[in-house]
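Reading the structure
One-letter residues, chain by chain:
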Amino acid sequence: MNHSQDSTQTATDAALVELRSIRGTIDNLDAVLVGVLAERFKATQRVGELKAVNNLPAGDPEREQRQIERLRTLAAEAQLDPEFAEKILNFIISEVIQRHERIAEELRTGSHD
Ligand SMILES: O=C(O)C(=O)C[C@]1(C(=O)O)C=C[C@@H](O)C=C1
């Protein structure tokens, strides 16, 4: 193996070490994301129950608008694309609204499946 092949091999090893390290970081962050999402859904489950029992609508568009504005600002400050942050929030909130509707339906019909 000549000198230039040697240095290529060394660079590749270094890249693989860094790749493994970054993937470790990504795995840790994914675990944090799952934990945070689980906590958020626990909180919204309680909101869904409160809304169902008190005959409040599942969705609150004005609240959502304030959340989107706030999240877009936080995203920009964190160098995250605000459009992406908004999409993620909308995706989560639409799932929450479906769950709220299911909770209200279960309360109306007495079904729990
Ligand atoms: O804050 C509420 O009223 C909720 O039901 C929670 C939540 C959310 O997931 O943040 C979901 C639906 C509403 O449209 C607004 C916000």
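Treat the numbers as computed from the prediction; the structure is a model and nothing was measured.

Re the UniProt feature "domain: Chorismate mutase" (unreviewed entry) in the protein
Under the UniProt annotation, "domain: Chorismate mutase" (unreviewed entry) lies at residues 13–104. Secondary structure over residues 13–104 splits into 88% helix and 0% strand, and the C-alpha atoms at its two ends are 57 Å apart.

Side note on the site of the ligand
Residues in close proximity to the ligand total 14 residues, the closest being K51, D60, E64, Q67 and H100. In this structure, an oxygen atom belonging to the ligand sits 2.6 Å away from a side-chain N or O atom of K51. Between the ligand and Q67 there is a distance of 2.8 Å, counted from an oxygen atom to a side-chain nitrogen or oxygen. In isolation the ligand has 360 Å² of accessible area, and contact with the protein removes 90% of it. Looking at the shell around the ligand, the elements with two or more residues in it are α1 (3–53), α2 (61–77) and α3 (82–109). Here the shell around the ligand is composed, by residue class, of 5 nonpolar, 4 polar and 5 charged.

Some thoughts on the environment of I26
With respect to the helices and strands, the residue I26 is situated in helix α1. I26 gets classed as partly exposed once you look at its relative accessible area, which sits at 40%. C-alpha separation for the pair I26 and R72, spaced 46 residues apart in sequence, amounts to 23 Å.

Describing a nonpolar patch on the surface
Together, L80, F84 and I88 make up an exposed nonpolar region whose accessible area comes to about 250 Å². For I88, the location among the structural elements is in helix α3.

What to know about the pattern of salt bridges
With the rule as written, the count across this model stands at 6 salt bridges. A salt bridge links R46 to E49; its shortest N-O distance comes to 3.3 Å. Of this pair, R46 and E49 both sit in helix α1, 3 residues apart, roughly one helical turn. The exposure class assigned to R46 is partly exposed, which follows from its relative accessible area of 47%. The residue E86 makes a salt bridge to R72 at a minimum N-O spacing of 2.5 Å.

Parameters at a glance
- Residues numbered from 1 in each chain as written.
- Predicted model: local features only at pLDDT ≥ 70, side-chain atom pairs only at ≥ 80, totals over all residues.
- Heavy atoms only, no water.
- UniProt positions renumbered as here; feature names shortened; annotations may be inferred.
- Helix = DSSP H or I, 4+ residues; strand = E, 2+ residues; numbered from the N terminus.
- Near = heavy atom within 4 Å.
- Polar contact = N/O pair within 3.5 Å; in protein donor to acceptor, adjacent residues only side chain to side chain.
- Areas by Shrake-Rupley, 256 points an atom, 1.4 Å probe, with all protein chains shown as cover.
- Nonpolar A, V, L, I, M, F, W, Y, C, P; charged D, E, K, R; others polar.
- Buried < 20%, exposed > 50% of the residue type's maximum accessible area, 1.4 Å probe, protein only.
- Patch = residues over 30% accessible without salt bridge, like charges linked within 9 Å, V, L, I, M, F, W, Y side chains within 5 Å.
- Salt bridge = Lys/Arg side-chain N within 4 Å of Asp/Glu carboxyl O.

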